[in-house]
Amino acid sequence: QVQLVESGGGLVQAGGSLRLSCAASGSIFSINAMGWYRQAPGKQRELVAAITSGGTTRYADSVKGRFTISRDNAKNTVYLQMNSLKSEDTAVYYCNAGVTTRDYYAMTYWGKGTLVTVSS
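Note that the coordinates shown come from a computational prediction; the quantities given were computed from them, not determined experimentally.

What counts, and at which threshold
- Residues numbered from 1 in each chain as written.
- Predicted model: local features only at pLDDT ≥ 70, side-chain atom pairs only at ≥ 80, totals over all residues.
- Heavy atoms only, no water.
- Helix = DSSP H or I, 4+ residues; strand = E, 2+ residues; numbered from the N terminus.
- Rg over C-alpha atoms; globule rule 2.2 N^0.38 Å.
- Buried < 20%, exposed > 50% of the residue type's maximum accessible area, 1.4 Å probe, protein only.
- Contact = heavy atoms within 4.5 Å.
- Areas by Shrake-Rupley, 256 points an atom, 1.4 Å probe, with all protein chains shown as cover.
- Lys, Arg positive; Asp, Glu negative; His and termini not counted.
- Charge placed at Lys NZ, Arg CZ, Asp CG, Glu CD.
- Pairing = 2+ DSSP bridges.
- Polar contact = N/O pair within 3.5 Å; in protein donor to acceptor, adjacent residues only side chain to side chain.

**Topic: the overall build of the protein chain**
Phase 1: On a plain count of helices and strands, the protein chain comes out with zero helices and 11 strands.
Phase 2: Secondary structure of the protein chain in N-to-C order comes out as β-β-β-β-β-β-β-β-β-β-β.
Phase 3: Here the C-alpha atoms of the protein chain give a radius of gyration of 14 Å, agreeing with the 14 Å that 2.2 N^0.38 yields for 120 residues.
Phase 4: Judged by the C-alpha coordinates and their principal axes, the protein chain covers about 50 × 25 × 25 Å.
Phase 5: Scored against the burial criterion, the 120 residues of the protein chain give a buried share of 38%.
Phase 6: In the protein chain, of all internal contacts separated by at least 6 residues, the share reaching a separation of at least 24 is 55%.
Phase 7: Per element, the accessible surface of the protein chain, about 6500 Å² overall, is 47% carbon and sulfur.
Phase 8: If the 12 positive side-chain charges of the protein chain are averaged to one point and the 7 negative ones to another, these points end up 1 Å apart.

As structure tokens, this is what we get:
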């Protein structure tokens, strides 16, 4: 009964910026950590950035200094601001969230993904 919907992906030239959004909805009691993963064609899925309920953040070394993760708890939404984009950032970006539902069942939920394509 929980859904995560990503938005904000698209085509951008190298050096440009995009902001991804992910809104969680449904039978939510609370949300713990939220994060962004990405998967490029033929590559393994990797953690890009994560943020805890307390605001502690974690980034992949490849995006440190370029990407910023944030959240709006009132909107159950997590954002990923991506600056200085490189061709290597091209991937499908997936949102995830650790959710406790109103019937007190806790698990990790995933969005369907949004495609980010960076042209060189």
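Next comes the rest of the description.
**Side note on the environment of Gly26**
Phase 1: One can find Gly26 in strand E3 (residues 18–26).
Phase 2: Separated by 20 residues in sequence, Gly26 and Glu46 place their C-alpha atoms 26 Å apart.
Phase 3: If we skip the residues at most four places from it in the chain, Gly26 touches Gln1, Val2 and Gln3.

**Examining the pairing of strand E5 (residues 46–51)**
Phase 1: Summarising the sheet, strand E4 (residues 28–39) and E5 pair through five bridges and their orientation is antiparallel. Considered in E5, the bridge of Met34 is made with Ile51.
Phase 2: The turn linking E4 back onto E5 is made up of six residues, and Gly42 within it adopts a positive phi angle of 75 degrees.
Phase 3: Note that E5 and strand E6 (residues 57–59) share three bridges and pair antiparallel. Each bridged residue has a counterpart across the sheet, and for Ile51 the counterpart in E6 is Thr57.
Phase 4: In this antiparallel pair of consecutive strands, E5 and E6, the connection spans five residues, and Gly55 shows a positive phi of 95 degrees.

**Description of the environment of Ser7**
Phase 1: Residue placement: Ser7 occurs in strand E1 (residues 2–7).
Phase 2: Exposure remark for Ser7: the relative accessible area of 39% places this residue in the partly exposed category.
Phase 3: Separated by 52 residues in the primary sequence, Ser7 and Tyr59 have C-alpha atoms spaced 20 Å apart.

**Let's talk about the side chain of Thr77**
Phase 1: In this fold, Thr77 is placed in strand E8 (residues 77–82).
Phase 2: For Thr77, a relative accessible area of 7% gives the class buried.
Phase 3: At a separation of 2.9 Å, a polar atom in the side chain of Thr77 contacts the main-chain carbonyl oxygen of Lys75.
Phase 4: Setting aside residues up to four positions removed in sequence, Thr77 forms contacts with Cys22, Ala23, Met34, Ser70, Arg71 and Asp72.

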